[in-house]
Amino acid sequence: EDQVTQSPEALRLQEGESSSLNCSYTVSGLRGLFWYRQDPGKGPEFLFTLYSAGEEKEKERLKATLTKKESFLHITAPKPEDSATYLCAVQASNDYKLSFGAGTTVTVRA
Amino acid sequence: EPEVTQTPSHQVTQMGQEVILRCVPISNHLYFYWYRQILGQKVEFLVSFYNNEISEKSEIFDDQFSVERPDGSNFTLKIRSTKLEDSAMYFCASGITGELFFGEGSRLTVL
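Residues numbered from 1 in each chain as written. Chains lettered and ligands numbered in written order. Predicted model: local features only at pLDDT ≥ 70, side-chain atom pairs only at ≥ 80, totals over all residues. Heavy atoms only, no water.

(A) The overall build of chain B, seen in detail. When helices and strands are counted, chain B shows 0 helices and 11 strands. What you see in chain B, going N to C, is helices and strands ordered as β-β-β-β-β-β-β-β-β-β-β. Whereas a compact globule of 111 residues would reach a radius of gyration of roughly 13 Å, chain B reaches 13 Å, a difference of no more than 12%. For chain B, the C-alpha atoms occupy an extent of roughly 35 × 25 × 25 Å along the three principal directions. Looking at chain B as a whole, 45% of its 111 residues qualify as buried. For chain B, restricting intrachain contacts to residue pairs at least 6 apart in sequence, the fraction spanning at least 24 positions comes to 52%. Looking at chain B, you have 9 positive and 15 negative side-chain charges, and the mean spots of the two groups are 5 Å apart. (Helix = DSSP H or I, 4+ residues; strand = E, 2+ residues; numbered from the N terminus. Rg over C-alpha atoms; globule rule 2.2 N^0.38 Å. Buried < 20%, exposed > 50% of the residue type's maximum accessible area, 1.4 Å probe, protein only. Contact = heavy atoms within 4.5 Å. Lys, Arg positive; Asp, Glu negative; His and termini not counted. Charge placed at Lys NZ, Arg CZ, Asp CG, Glu CD.)

(B) Broad picture of the sheet that holds strand E1 (residues 5-7) of chain B. Residue and element names in this part refer to chain B. In space, the 4 strands of this open sheet follow the order E1-E3-E8-E7, with antiparallel pairing throughout. Only two strands of the sheet have a single neighbouring strand rather than two, namely E1 and strand E7 (65-68). For this sheet the average axis-to-axis angle between neighbouring strands, irrespective of direction, equals 15 degrees. Where E7 meets strand E8 (residues 75-79), 4 bridges bridge the pair, whose relative direction is antiparallel. Bridge pairing in E8 places Glu68 opposite Thr76. (Pairing = 2+ DSSP bridges. Axes fitted to C-alpha atoms, helices over the stretch in contact; angles between N-to-C directions.)

By themselves, these are just geometric observations and shouldn't be taken as functional.
Written out as C-alpha cells, the structure reads:
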C-alpha cells in the first residue's frame, strides 16, 4: 500500500522567513509525485508534478525537489498569501489515482 | 481556464436519506475520480472511473455508494442511505494522465 508522510504538521513563519516542507513516500514504482495547495474549505489546487529523482520545479516562491524516498517543498521569502495547507501525493506506476499525505499547514505572519 | 464544477456546494440531509452529488469534469479529460475529506483528516480516494466503468475503488466505497456518467458531461456520486460518518467534503477530480484537477467540493452534513 502506498504511504505518504508529511512533516511538520504545521509551520508558522514570519514574512520573508524561508523554510522547507518534507514529504517522504513509499510506493511500488513511482509514476509521479504531486504537490497541491489547499485553502480552507476549498479543493486542492495543483502546483507541481515531479517524475524522477533529481528533478526540480519552480513557481514563484515555491520550489519542489525529488529524491528516491522524499520530496521537499521550499518556500523562499514567503508572504501572507502563501498561507495554506500544502499536500503531497503519489501516483503509482500501475494506476492513476493519487494517494495523499495529511498535509503541512503553513501560516505566514506579516 | 477550464475547471471542474461541483453541485451542490453544501447539502444537509437526514441519516438514511439518499444523496446525489454532481460534477462536471473538464471536457477533454478521460479519468474521473471522487475523493472525500473528513474534517481535519487527509484527502481519501473513493473511486476512479474510466471508459464508462469503475476502474478502481477503495474499501470506503461500499454498496451504499455508486457512480454514474449519465451523459457526456456529468459525473455523479450517489450515497443510497447516508450515515453520520458520511459527513465530509466530497471532491470530484478529473485528468488525462498524471495531474488531477479538483473541484471546489460538496460539503455533506448528515444529521
